[in-house]
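So the chains spell out like this:
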Amino acid sequence: METTRLGNTDIRISKLCVGCMSFGKAGTMHDWTLNEADTEEMVKYALSLGYNFFDTANGYSAGTSEEYLGRALKKNVARDQVVIASKVYFNPGRLSAEAIHREIDGTLKRLGTDYLDLYMIHRFDYETPIEETMEALNDLVKAGKIRALGASAMYGYQFYNMQLAARDHGFAQFQAMENHYNLLYREDERELIPICRQMNVSLMPYSPLAAGHLARPQWRTDTLRGKTDRVAMGKYDRTEEQDMQIVGRVHELAERYGVKMSQIALAWHWAKGVASPIIGATKKEHLKDAVGAFAVKLTPEDIAYLEEPYLPHKIVGAIDHNPAEGVMLLDEKK
C-alpha cells in the first residue's frame, strides 16, 4: 500500500480509502449494505492490505455505518494507526453552528472515539452563513475533536468562498475534497479541481469506478446492488450510450495490459493527481483488486485515449439548493 500526506497536514493516508457507505443495517438507506459481522471482516481484511483510511458519514444507514465501523476498528487496530473521516449536512439544521456541535458529538459517540481525523461538510448549505459554518468547524479543531477539515461535492466558487472566509478570519481551512470524479464524470475538471490543486487540497473522490460501470465491459449486472441501487442508476443511466464508448476503451486497455478494468480506472485517478480514491467494497476482492492497481502505470497516450470520447454531463454531486429535510439519497432514479 502506498501512502500520501493529507493536504497541508501531517496526517498520512493510504492512497486508497475504504468507503463505509457499504456498511450498515440494510434497508435503512440501501438494501445491499453489509451487516456488523461482515463489516468487521471487511475492515480486518482492509487493514491487512494496508488500508488506514476509512470514510463514513452521520447519515449513512441511519448512523449504523459509524457504529459498525467504530466497533470493528476498536477490536482490530490501535486508534492512532487509522485515519477516520465522517461528514455532516444531511441532518436537522444542516451546517448551522448548533447542528455541527450536536452532530459531531453523535458521530464521536457512534464511532466510539474522542476525536475524528477528518470532518467534512457533505454538501454546501444554502441557508447558513458561510462564516457561521467555518467558525463552528474551527471551534471543533480548537477543542481537539477534529484534526482536519474537508468538504464534499459542491461548486468551485462555493468551495473557494468558504476557504477565503476561513483564511480571512484565521479559521482552519479545508484540507480534503471528496467530490464525484471518474472517467465517466469529469465536470469538476473545469473549476473545483484546479482550485483544490491551487490550495494543495487533497482529492479523495467518491464513485471512482462509477458504481462499477468502469469495472466490467457490460453496463448492467445481476448483483443485489446492480438491481437495487437507484442512486447509481440516477447518476449514470441517462448517459449510458455515450459512456459505453469509454467503458469499451477501459476494457480494451485492461486486456492489453493483462489487468482488471477497475485497475485501469484507478490508475487513471493517480495519474490525474488524486490522493486517495474511495473504494466502496461489499466483497474482499474489491479491496484486493484496488491495491493491485498500484502496479499499473498508464502512459500519456493511454490517458488521452481513455479521455477522448468524453462529452459534457449534467452536474451530479453539487446541488443548487438544499433538499427537503430528511432526504439523504440524491440523484435517485424513481
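Scroll up a little and you will see the structure.
Residues numbered from 1 in each chain as written. Predicted model: local features only at pLDDT ≥ 70, side-chain atom pairs only at ≥ 80, totals over all residues. Heavy atoms only, no water.

Engineer: Explain the overall build of the protein residue by residue, including any values.
Structural biologist: A tally of regular secondary structure across the protein gives 12 helices and 10 strands. Here the C-alpha atoms of the protein give a radius of gyration of 19 Å, agreeing with the 20 Å that 2.2 N^0.38 yields for 334 residues. The principal-axis extent of the C-alpha atoms belonging to the protein is close to 55 × 40 × 40 Å. The buried share among the 334 residues of the protein stands at 58%. Working note: accessible area of the protein is about 13,800 Å², and carbon and sulfur atoms make up 49% of it. Here the protein carries 40 positive and 46 negative side-chain charges, and the mean point of each set is 4 Å from the other. (Helix = DSSP H or I, 4+ residues; strand = E, 2+ residues; numbered from the N terminus. Rg over C-alpha atoms; globule rule 2.2 N^0.38 Å. Buried < 20%, exposed > 50% of the residue type's maximum accessible area, 1.4 Å probe, protein only. Areas by Shrake-Rupley, 256 points an atom, 1.4 Å probe, with all protein chains shown as cover. Lys, Arg positive; Asp, Glu negative; His and termini not counted. Charge placed at Lys NZ, Arg CZ, Asp CG, Glu CD.)

Engineer: Outline the state of the cysteines, listing residues and values.
Structural biologist: By definition, a disulfide links the sulfur atoms of two cysteines through a covalent bond. Evaluation of the coordinates by the stated rule reveals zero disulfides. Here Cys-17 stays unpaired: no disulfide links it, and the sulfur of Cys-20, its closest cysteine neighbor, is 7.0 Å away. A residue is classified by how much of its surface remains accessible, and Cys-17, at 0% relative accessible area, is buried. (Disulfide = S-S within 2.5 Å.)

Engineer: How would you explain unusual backbone geometry if you had to name every residue and give the values?
Structural biologist: Located in the positive-phi region is Ala-62, a residue other than glycine, with phi close to 55°. Counting through the fold element by element, Ala-62 comes out in the loop between strand E4 (53-55) and helix H2 (64-76). For Ala-211, which is not glycine, the phi dihedral falls at a positive 55°. Of note, Ala-211 is situated in the loop between strand E9 (202-203) and helix H7 (224-228). Owing to a relative accessible area of 26%, Ala-211 belongs among the partly exposed residues under this scheme.

Engineer: Quick one: what's the story with the packing of H2 against helix H3 (residues 97-111), residue by residue and with numbers?
Structural biologist: At their nearest, the axes of H2 and H3 sit 7 Å apart, and the two run at 45° to each other. Between H2 and H3, the crossing angle belongs to the class labelled oblique. Contacts between H2 and H3 pair Glu-66, Glu-67, Leu-69 and Gly-70 from the former with Thr-107, Arg-110 and Leu-111 from the latter. Here the residues of the contact of H2 with H3 are counted per class, giving two nonpolar, two polar and three charged. (Axes fitted to C-alpha atoms, helices over the stretch in contact; angles between N-to-C directions. Parallel < 35°, antiparallel > 145°, perpendicular 65-115°, else oblique. Contact = heavy atoms within 4.5 Å. Nonpolar A, V, L, I, M, F, W, Y, C, P; charged D, E, K, R; others polar.)

Engineer: Got a sec to walk through the environment of Lys-272? Specific residues and values, please.
Structural biologist: Its location among the elements puts Lys-272 in the loop between helix H10 (261-271) and strand E10 (278-279). Between the alpha carbons of Lys-272 and Tyr-305 there is a distance of 14 Å; along the sequence they are 33 residues apart. Sequence-distant contacts of Lys-272, that is, excluding residues within four places in its chain, are made with Tyr-181, Glu-189, Arg-197 and Glu-307.

Engineer: So what's going on with the packing of aromatic side chains? Residues and values would help.
Structural biologist: Overall, the coordinates contain six aromatic pairs when judged by the stated rule. Residues Tyr-155 and Tyr-157 carry aromatic rings whose centres are separated by 6.4 Å and whose planes lie at 20° to one another, so their mutual orientation is stacked. With relative accessibility at 52%, the residue Tyr-157 sits in the exposed group. Relative to Trp-268, the ring of Tyr-181 has its centre 5.1 Å away and its plane inclined at 50°; by these criteria the two rings are tilted. Pair noted here: Tyr-181 is in the loop between strand E8 (174-178) and helix H6 (192-198) and Trp-268 is in helix H10, with a separation of 87 residues, a long-range link. On the basis of relative accessibility, which here comes to 0%, the residue Tyr-181 falls in the buried class. In this structure, Arg-249 is placed above the aromatic ring of Tyr-305, and the distance from its NZ or CZ to the ring centre is 4.3 Å. (Phe/Tyr/Trp six-rings, centres within 6.5 Å; stacked < 30°, edge-to-face > 60°. Lys NZ or Arg CZ within 6 Å of the ring centre and 35° of its normal.)

Engineer: Please give an account of helix H11 (residues 284-292) that cites residues and values.
Structural biologist: Buried residues of H11: Leu-287, Asp-289, Ala-290 and Val-291, and no others. Where the residues of H11 are buried, they touch strand E3 (17-19), helix H1 (36-49), H10 and E10.

Engineer: Give a description of H1 that names residues and reports values.
Structural biologist: Taking 1.5 Å of rise per residue, the 14 residues of H1 would be expected to cover 20 Å, and the 20 Å separating its terminal C-alpha atoms lies within 8% of that figure. For H1, every residue scored as buried is listed here: Thr-39, Glu-40, Met-42, Val-43 and Ala-46. Each buried residue of H1 lies within a common arc of 165° when the element is viewed along its axis, so the set occupies one face. More than 90 degrees from the buried face of H1, the exposed residues found are Ala-37 and Ser-48. Where H1 is buried, its residues contact E3, E4, H2 and H11. Looking at where H1 begins, the residue whose side-chain oxygen comes 3.2 Å from the main-chain nitrogen of Ala-37 is Asn-35. Within two residues after H1, Gly-50 carries a phi angle of roughly 100°, on the positive side. (Expected span 1.5 Å × (residues − 1). Arc of directions from axis to C-beta. Polar contact = N/O pair within 3.5 Å; in protein donor to acceptor, adjacent residues only side chain to side chain.)

What is shown is where atoms sit, not what they do.
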